[in-house]
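# Coordinates in review
Listed here are the chains, written in short residue letters.
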Amino acid sequence: MKTTTTPPPLHSQRPLRRRHFNRLFAAAYTAAILSLLYHHTLTLLHSTTTTVSLSVSLLLFLANAILAYMWSTAQSFRMNPVHRRSFPENLQNSLRRKDFPAVDIFICTADPHKEPPVGVANTALSVMAYDYPTEKLSVYVSDDGGSELTAFAFMEAAKFGKVWLPFCRENDVTDTCPDAYFASNYALTDKSLEIKVENSVEKGKISEEYIKSEEERQILSQYCNKDFNPQSHPSVIQVLLNSSKDKDITGECMPNLVYVSREKRKTSPHHFKAGALNALLRVSASMTNSPIILTLDCDMYSNDPLTVQRVLCYLAVNSGNPNCGYIQFPQRYHGLNKSDIYASEHKRLFLANPIGMDGLNGPNYVGTGCFFRRRVFFGGPFSYIDPENRDLDPNHIVDKPINSKEVLGLAHHFASCNYENQTNWGSKLGFRYGSLVEDYYTGYRLQCEGWRSVFCDPKRPAFLGDVPISLNDVLSQTKRWSIGLLEVSFSKYSPITFGVKAMGILMAQAYAHYAFWPVWSIPITIYAFAPSLALLLGIPIFPKFSLYAFLFLGAYVQDCLDFISARGTFQRWWSDQRLWLIRGLSSFLFGSIEYTSKRLGMATHGFNVTSKVMDNEQSKRYNQGMFEFGVASPMFVPLAMAAILNLAAFLGGFVLVLKEGGFDRFFMQIFIAGFGVLNSLPFYEAMVLRSDKGKMPMKTTITSILLVGILYGICLLCTIVK
């Protein structure tokens, strides 16, 4: 009798046991929420108190209703969390190395002064050194800034790569990002690439001594036209490395490296990063048309050479995932300070929540570290949409040299600013337009079409990125996310309407949790101001029972446990919950205001790239755990106001109960004010104790004090009038 042996698995999946506790706790917590809302309703129906007290009761009812809804959306992440493992060592039993599918890698950059070209080049070099057949790797760099500085950086990276890639192979280097490797191997430090590029960025032009050939001169001459600027220029597509002819110093072929700066005109919409990715999607289709695509932020370098092989464990033909559209890796960061004061890890967004979504239909796309099947950008798994040009078909085989005249001509055609007119690009094909958070929106639409996804979180981080080190940069980034999320929330594709029909209640709730992130600003703002103002006026607003205590402690303890179970620490969890409160009073609030202004047709700020430039003094303060304010941002005003008001209420509340008694009536208000004070310690330090450049600007402090005084005066006047 002939026996068959089962090949070893490529991946495994294990449900987490805590899902049972999560479901029981959700039932108990739901009952407590309903009891609280019932109490609020009775209070409002039988209210005979002052106008101020009634107003506060209405505000608290609104705040608690929103908190209840947002809590309910978060439960979708806790219903069925799973843990996956991949086994790339078993891949050889299922797929020969020479049969590995080709991979196109997309890296986007937009501003050489905010995203240093040497850092972008390091990212490209790190993925070019993957443990993968080099002839099957193609790296496409989108330079939306249209800068000769970025082009020069990649011309230098192409030369350096011919030495770097064989060095990594021969020495089994896992830190394949040159900057990361040399940082831990000082004796082998090679600064030639860094020096040339950084000198050029500092001068704002390329020195003649750095241009070594006529070919390089011709490439850079394209930027010398007086009409060439970041907002208006023709397309520039340059094949810097061609795998069919370029070899490294050992004679092995190099990966393809293609520089792309799509055409831009002020009269044509460019759709920011989504537009750049769609241009790369089309340009790459004309050149290589690889079946797998990796999208990567310019500051998110590879930290594991085996990453692509891990992906094949899920996307290989015999992996058992025919409807799997993409594999999402978590965003992980280097250079975090001990407490992660700005909560830059985003544990929930990048680790805890994806584990929960992975037990449903899969995680959302977070913009970087994601491997797609090219096929997902052309309709659902059972509803293929034909592109307008057969050369864009995901099954089309490119049979011409990558740098042939015909291929380059087609690539320029696909990169033109008017190409998408009267087509489905951005609506039914490619990355989706309509939101500043193109990653969230694209992943959401793909899953609505029927695609599933997988969360892959290996022990060694697949990618590592930089973090912003100033509070203004952190909040500006989150404000941009808030605007984009609200654009989805109130569109015809809203998760609470379209999403429920397309993917079911739990997945729709998961996406709704993100879509309505900015509405956190309403309850957080109410709780930051209303209880403290009422306390200063001597008005008790909370009932004398422990329901509030259970709701507060239950939510916070569960959140802390989730955070720590995602490889976090208590110290970083405290920073995370503090930043949640800070975002609610600043970026979420201002993002909501800007979105509303935009909907009303009022002028708003444009898209701003988050700076990746590291200032030495800022870095020093960040490593010491000090908040960086520095600039007089309007977003700091409500934060400073809340800090000042809560301190006054906390001290005033103790004076009140010492003079008049009734500690039990005012306990909750004193507790909330004290909790606000505890979270505001960095603000008091920045307003009073610090003298460095990162302190809170005096203008912001004075403005905040005046506004708190005016707010208190208005409330006091209302009580007197009554």
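Rules and cut-offs
Residues numbered from 1 in each chain as written. Predicted model: local features only at pLDDT ≥ 70, side-chain atom pairs only at ≥ 80, totals over all residues. Heavy atoms only, no water. Helix = DSSP H or I, 4+ residues; strand = E, 2+ residues; numbered from the N terminus. Rg over C-alpha atoms; globule rule 2.2 N^0.38 Å. Buried < 20%, exposed > 50% of the residue type's maximum accessible area, 1.4 Å probe, protein only. Contact = heavy atoms within 4.5 Å. Lys, Arg positive; Asp, Glu negative; His and termini not counted. Charge placed at Lys NZ, Arg CZ, Asp CG, Glu CD. Patch = residues over 30% accessible without salt bridge, like charges linked within 9 Å, V, L, I, M, F, W, Y side chains within 5 Å. Areas by Shrake-Rupley, 256 points an atom, 1.4 Å probe, with all protein chains shown as cover. Salt bridge = Lys/Arg side-chain N within 4 Å of Asp/Glu carboxyl O. Phe/Tyr/Trp six-rings, centres within 6.5 Å; stacked < 30°, edge-to-face > 60°. Lys NZ or Arg CZ within 6 Å of the ring centre and 35° of its normal. Axes fitted to C-alpha atoms, helices over the stretch in contact; angles between N-to-C directions. Parallel < 35°, antiparallel > 145°, perpendicular 65-115°, else oblique. Left-handed = near helix turned anticlockwise from the far one by under 90°. Nonpolar A, V, L, I, M, F, W, Y, C, P; charged D, E, K, R; others polar. Pairing = 2+ DSSP bridges.

## Notes on the overall build of the chain
Within the chain one finds 24 helices and 14 strands. Its C-alpha radius of gyration of 28 Å places the chain within 12% of the 27 Å reference for a compact globule of 722 residues. Along the first, second and third principal axes, the C-alpha set of the chain runs to 85 × 75 × 55 Å. Looking at the chain residue by residue over its 722 residues, the buried ones come to 58%. Considering only intrachain contacts with a sequence separation of at least 6, the fraction spanning at least 24 residues in the chain is 83%. Counting 70 positive and 60 negative side-chain charges, the chain places the averaged centre of each group 7 Å from the other.

## Thoughts on a nonpolar patch on the surface
Residues Phe-654, Leu-658, Phe-663, Phe-667 and Phe-671 make up a contiguous nonpolar surface patch of roughly 500 Å² in combined accessible area. Put simply, the parts of the chain that give the nonpolar patch at least two residues each are α21 (636-660) and α22 (663-679). With respect to the secondary-structure elements, Phe-671 resides in helix α22.

## Description of the packing of aromatic side chains
Per the stated rule, a full pass over the model turns up 56 aromatic pairs. On the numbers, 5.5 Å between centres and 90° between planes, the contact of Phe-552 with Phe-675 is edge-to-face. Placement of Phe-552 in helix α17 (residues 547-565) and of Phe-675 in helix α22 is noted, with a sequence separation of 123 residues between them. Exposure remark for Phe-675: the relative accessible area of 16% places this residue in the buried category. A connected cluster of aromatic rings, assembled from ring pairs, spans Phe-552, Tyr-556, Phe-570, Trp-573, Trp-574, Phe-663, Phe-667, Phe-671 and Phe-675. Seen from the ring of Trp-425, Arg-282 lies directly overhead, with NZ or CZ sitting 5.0 Å from the centre.

## Some points on the pattern of salt bridges
Side chains that differ in sign of charge can pair as their charged atoms come close. Scanning the entire structure with this criterion turns up 29 salt bridges. For the salt bridge of Asp-457 with Arg-332, the shortest nitrogen-to-oxygen distance reads 3.7 Å. Remark: Arg-332 occurs in the loop between β9 (324-328) and α10 (347-358) and Asp-457 occurs in the loop between β13 (452-455) and β14 (463-465); sequence separation between them is 125 residues. Summarising the burial analysis for this pair, Asp-457 and Arg-332 share the class buried. Three or more residues are tied together by salt bridges with common partners; here these are Arg-621, Glu-628, Arg-690 and Asp-692.

## A word on the environment of Ala-316
Residue placement: Ala-316 occurs in the loop between α9 (307-315) and β9. Take Ala-316: its relative accessible area is 11%, and that puts it in the buried class. Sequence separation between Ala-316 and Ser-94 is 222 residues; the distance between their C-alpha atoms is 8.7 Å.

## A few points about the packing of helix α13 (residues 471-489) against helix α19 (residues 587-599)
Viewed as axis vectors pointing N to C, α13 and α19 meet at an angle of 45°, and their least axial separation amounts to 8 Å. As judged from the angle between their axes, α13 and α19 are oblique. As α13 packs across α19, the resulting crossing turns out to be right-handed. For the pair formed by α13 and α19, the contact residues are Leu-475, Thr-478, Lys-479, Ser-482, Ile-483, Leu-486 and Glu-487 on the first element and Ser-587, Phe-588, Phe-590, Gly-591, Ser-592, Glu-594, Tyr-595 and Lys-598 on the second. By residue class, the composition of the contact of α13 with α19 is six nonpolar, five polar and four charged.

## Structural notes on the environment of Asp-172
If you trace the backbone, Asp-172 turns up in the loop between α4 (148-170) and α5 (178-184). Each C-alpha atom of the pair Asp-172 and Ser-12 lies 27 Å from the other, and the pair is 160 residues apart in sequence.

## As for the environment of Gln-231
Position of Gln-231 among the secondary structure elements: in the loop between α7 (214-221) and β5 (236-241). Separated by 166 residues in sequence, Gln-231 and Ala-65 place their C-alpha atoms 45 Å apart. For Gln-231, the residues in contact, after removing those within four places along its chain, are Lys-264, Arg-265 and Lys-266.

## A word on unusual backbone geometry
Phi at His-271 takes a positive value of approximately 60°, unusual for a residue other than glycine. If you check the backbone angles, Phe-272 has positive phi at about 50° while not being a glycine. Examined against the element boundaries, Phe-272 turns out to sit in helix α8 (residues 272-287).

## Looking at helix α12 (residues 438-448)
Across the eleven residues of α12, eleven count as buried, placing the element largely inside the fold. Taken together, the buried positions of α12 are occupied by Glu-438, Asp-439, Tyr-440, Tyr-441, Thr-442, Gly-443, Tyr-444, Arg-445, Leu-446, Gln-447 and Cys-448. Phi for Gly-450, located one or two positions after α12, is positive at around 115°.

## Observations concerning the sheet that holds strand β7 (residues 292-297)
The strand order across the open sheet built from eight strands is β5-β6-β4-β3-β7-β10-β9-β13, with neighbouring strands paired in mixed fashion. Each edge of the open sheet is held by one strand with a lone partner, namely β5 and β13. Pairwise comparison of adjacent strand axes, ignoring direction, gives a mean angle of 20° for this sheet. Pairing of β9 with strand β10 (residues 370-373) involves three bridges; the strand directions are antiparallel. Paired with Tyr-326 across the two strands is Phe-372, which belongs to β10.

## Examining the packing of helix α2 (residues 51-74) against helix α16 (residues 521-536)
Here α2 crosses α16 at 145°, and the two axes come no closer than 8 Å. Between α2 and α16 lies a crossing whose hand is left-handed. For the pair formed by α2 and α16, the contact residues are Val-56, Leu-59, Leu-60, Leu-62, Ala-63, Asn-64, Ile-66 and Leu-67 on the first element and Ile-522, Pro-523, Ile-526, Tyr-527 and Ala-530 on the second.

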